[in-house]
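Each chain is listed here by its residues.
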Amino acid sequence: MNTSKPRAALHSACDCDCSRREFLTTVSLAMGTMAFAAADSEAGEAAPLPAGPKQAAAVRVVFLYPPSKTFAEAPDGWWSWPGNDFDAEGRQKEFTRALRDMEQSLGMKLDVDEKPVADDADAQRLAEEIHEQKPDGLLLVMLYNNSLKHADRLLKAAETAEIPAIFYIALGVKHGSIRQYRRGGVYLIQSLDNFEAIEYGLRMINTKRRMSQSRLLSITEAPEVREGVEPFFGTTVRVIPFARYTEEFHKVALDDAARRLMTQFTAGAQEQRGITPEALENAARAHLALTKMLADEQADGLTMNCLRRGMLKPCMSFATLNNQLIPAACENDFPAMYTQLLGSLLTGRPGFQHNPCYDTEKNHYYGSHCTCPTKLYGPDGPELPHLLRRFAHTNEGSCAIQVFWKEGDPVTMVRYYPGSPPAMDVYAGKVAVSHPMPPAGGCTTNVAIELTDRDDACQVTGHHNLLFCGDFARKFRLFAQLYKMKLAETGFSGTWPV
């Protein structure tokens, strides 16, 4: 690994330490094994969170109810809601088994209290422990109506300690309004045995923790290496001089590994339009150079100043990396890079970073760019039809990609904005069409979408938004609520380092 200079604050960074990890053992991708081969696994299945020596998120799990015998032994015992046929102890055991499965699948640490919070003393003791231990999150499972005051005390303790809380109320346990719990810092779930919702709540907490331990590269014209940390996510950004990439690019030998990679680039494409052998060779060089840099720097993803780079452009490499949920963002766009990482961890799918346009007569939003993942349903999902074709805006003939989105698929568009407070744009829609190019213009991949949560497509703001294939709008909005982000409605006017 290169030795960095003392940490310098980036435009949106402050100093703190971040744990390192070895690059994914699947760096065999550099040998061509992670290119565009399709898979037959179930589409959209969430990929595992990144491997390596990152600390697992720790969540305290607490059940709230008095022992059932408290009422069973009293002739006039009053169980209130959910009623005296409700087996709270049995329900706790069932929930605990499900939580242990989630703990394993998410790679988290769940500290489950066997003893439920039954009275004021229990609630006070636990509130003090939350302040002392400060776990990454708190999960409350309430199984008795009159335990609400204890839940309120614990939620207040979590808020004071700045810890996100998942508050699960079994259906039929509480009557009356719950609006007071639909607030920032709390994910309220009132439902019947909804383990899927609980798991997503835990995934959100785990995602925030993982992002705070991730390292991303920014390959730019900086004269020397420097590091900073993004304030909200806590993600480390290491700035690398572009000359380092150029050096690695020219070192790549066109050996058997490179030739296998070029074969895989072309194998899944329905057609090649104007792609020369030189363009494919340089696409392979770019990919092998970038994967080596990711491995050398023990990084989880990257962004770079990639425009006007001639044959050094990384369009094919970025598509390949994003297929495997290794975030790669164009044009040194930091918010796009953070959004790509966030989305891949929350949904198990890569996003399509793009430039915005609007079809005013069909009321469609139109996004286009010269790189796009082909595995939009996730690494284990099917591959979408695509072409290899020349980069759309220059004449040197570097290799880009045109991916055809499936008509009718639901989509979610997201953009993260650093700031105080941090903000997020979220839009829901469905695919209308991927136009042939020409007659459509823009970049090589394009997709027109019909918004389903806005009346007017021209209401979409922002540049380089990330488009995810799937109905994930509520999930992104829940993350924003849990971490007290502003759901933005206007575009970001700030800048990021270049």
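Residues numbered from 1 in each chain as written. Predicted model: local features only at pLDDT ≥ 70, side-chain atom pairs only at ≥ 80, totals over all residues. Heavy atoms only, no water.

A. Geometry of the overall build of the protein chain. A tally of regular secondary structure across the protein chain gives eleven helices and 21 strands. Counting the 498 residues in the protein chain, one finds 58% classified as buried. A fraction of 74% describes how many contacts in the protein chain between residues 6 or more apart in sequence connect residues 24 or more apart. For the protein chain, the accessible surface area stands at approximately 20300 Å², while carbon and sulfur atoms represent 50% of it. (Helix = DSSP H or I, 4+ residues; strand = E, 2+ residues; numbered from the N terminus. Buried < 20%, exposed > 50% of the residue type's maximum accessible area, 1.4 Å probe, protein only. Contact = heavy atoms within 4.5 Å. Areas by Shrake-Rupley, 256 points an atom, 1.4 Å probe, with all protein chains shown as cover.)

B. Geometry of the packing of helix α3 (residues 120–133) against helix α4 (residues 148–160). The interhelical angle for the contact between α3 and α4, taken along N-to-C directions, is 10 degrees, at an axis separation of 9 Å. With respect to their mutual orientation, α3 and α4 come out roughly parallel. Considering the relative orientation of α3 and α4, their crossing is right-handed. On the side of α3, the interface is formed by Asp120, Ala123, Gln124, Leu126, Ala127, Ile130 and His131, while α4 contributes Lys149, His150, Arg153, Leu154, Ala157, Ala158 and Thr160. Of the residues contributing to the contact of α3 with α4, the split by class is seven nonpolar, four polar and three charged. (Axes fitted to C-alpha atoms, helices over the stretch in contact; angles between N-to-C directions. Parallel < 35°, antiparallel > 145°, perpendicular 65-115°, else oblique. Left-handed = near helix turned anticlockwise from the far one by under 90°. Nonpolar A, V, L, I, M, F, W, Y, C, P; charged D, E, K, R; others polar.)

C. Molecular detail of the packing of aromatic side chains. Summed over the entire model, instances satisfying the criterion amount to 18 aromatic pairs. Between phenylalanine 479 and tyrosine 483 the ring centres are 5.0 Å apart and the planes differ by 40 degrees, which places this aromatic pair in the tilted class. In this structure phenylalanine 479 comes out as buried when scored by relative accessible area, which is 0%. Looking at tyrosine 483, the relative accessible area reads 13%, which means it is buried. Taken together through their ring pairs, the aromatic side chains of Phe232, Phe233, Phe334, Tyr338, Tyr416, Phe479 and Tyr483 make up a single cluster. Positioned over the ring face of phenylalanine 232 is lysine 208, at 4.8 Å from the centre of the ring. (Phe/Tyr/Trp six-rings, centres within 6.5 Å; stacked < 30°, edge-to-face > 60°. Lys NZ or Arg CZ within 6 Å of the ring centre and 35° of its normal.)

D. Representation of the sheet that holds strand β7 (residues 226–229) in the model. If you walk across this open sheet you meet the five strands as β7-β8-β6-β10-β11, and the pairing is mixed. Edge strands, defined here as strands with exactly one partner in the open sheet, are β7 and β11 (328–329). With four bridges connecting them, strand β6 (residues 215–220) and strand β10 (residues 301–304) associate as parallel partners. Bridged to serine 218 within β10 is threonine 303. Across the face of the sheet, helix α10 (residues 334–347) comes into contact with β6, β8 (236–241), β10 and β11 while running at roughly 150 degrees to β6. (Pairing = 2+ DSSP bridges.)

E. Quick peek at the pairing of strand β17 (residues 410–417). Counting buried positions along β17 yields seven of eight residues, so the element is predominantly enclosed. Two elements, β17 and strand β18 (residues 423–433), share eight bridges in a ladder whose sense is antiparallel. Along β18, the bridge assignment pairs tyrosine 417 with alanine 423. Looking at chain direction, β17 and strand β20 (residues 466–469) are connected through four bridges and run antiparallel. In the strand pairing of β20, threonine 412 is matched with phenylalanine 468.

F. Structural view of the sheet that holds strand β5 (residues 186–191). With parallel pairing, five strands are arranged side by side in an open sheet as β2-β1-β3-β4-β5. If you trace the sheet from one side to the other, it starts and ends with β2 (109–112) and β5, each paired once. Taking each pair of neighbouring strands and ignoring which way they run, the sheet shows an average axis angle of 20 degrees. With six bridges joining them, strand β1 (residues 58–64) and strand β3 (residues 137–142) adopt parallel strand pairing. Pairing of valine 59 across the sheet is with glycine 137, part of β3. The strands touched by α4 are β1, β3, β4 (165–170) and β5; relative to β3, the strand with the most contacts, the crossing angle is about 175 degrees.

G. Examining the nonpolar core more closely. Counting 87 residues, the largest nonpolar core has Leu154, Phe167 and Leu202 as the members making the most contacts within it. No other element matches the eight residues that α10 contributes to this core. In contact with phenylalanine 167, other than residues within four places in its own chain, are Leu140, Met142, Leu148, Ala151, Leu155, Tyr181, Val186, Tyr187, Leu188 and Ile189. With 57 residues, the next largest nonpolar core counts Leu312, Cys372, Leu376 and Leu388 among its residues. (Core = buried A, V, L, I, M, F, W, Y, C linked by side-chain atoms within 4.5 Å.)

H. Representation of α10 in the model. With 14 residues, α10 ought to run about 20 Å at 1.5 Å a step, and its terminal C-alpha atoms sit 20 Å apart, in line with that. For α10, the tally of buried residues reaches 14 of 14 residues, placing the bulk of the element in the interior. Its side-chain oxygen placed 3.1 Å from the backbone nitrogen of alanine 336, aspartate 333 serves as the N-cap of α10. Taken from the residues just after α10, glycine 348 is the one with a positive phi, measuring 75 degrees. (Expected span 1.5 Å × (residues − 1). Polar contact = N/O pair within 3.5 Å; in protein donor to acceptor, adjacent residues only side chain to side chain.)

I. Quick peek at the pairing of β1. Among the seven residues of β1, six are classified as buried, and the element is accordingly described as predominantly covered. Summarising the sheet, β1 and β2 pair through four bridges and their orientation is parallel. Looking at the pairing, alanine 58 lines up with lysine 109 of β2.

J. Inspection of the pattern of salt bridges at higher detail. Across all of its chains, the model carries 27 salt bridges by this definition. Arginine 60 is the partner of aspartate 113 in a salt bridge, and the nearest nitrogen-oxygen pair spans 2.8 Å. Placement of the pair is aspartate 113 in the loop between β2 and α3 and arginine 60 in strand β1, with a sequence separation of 53 residues. The same class applies to aspartate 113 as to arginine 60, namely buried. Salt-bridge contacts for arginine 60 lead to glutamate 129; the nearest nitrogen and oxygen are separated by 2.6 Å. On the criterion of sequence distance, the pair formed by arginine 60 in strand β1 and glutamate 129 in helix α3 is long-range, its members being 69 residues apart. For arginine 60, a relative accessible area of 7% gives the class buried. Connected through salt bridges with shared partners, the residues Arg215, Glu227, Arg238, Arg244, Glu248, Lys292, Asp296 and Glu297 form a single ionic network. (Salt bridge = Lys/Arg side-chain N within 4 Å of Asp/Glu carboxyl O.)

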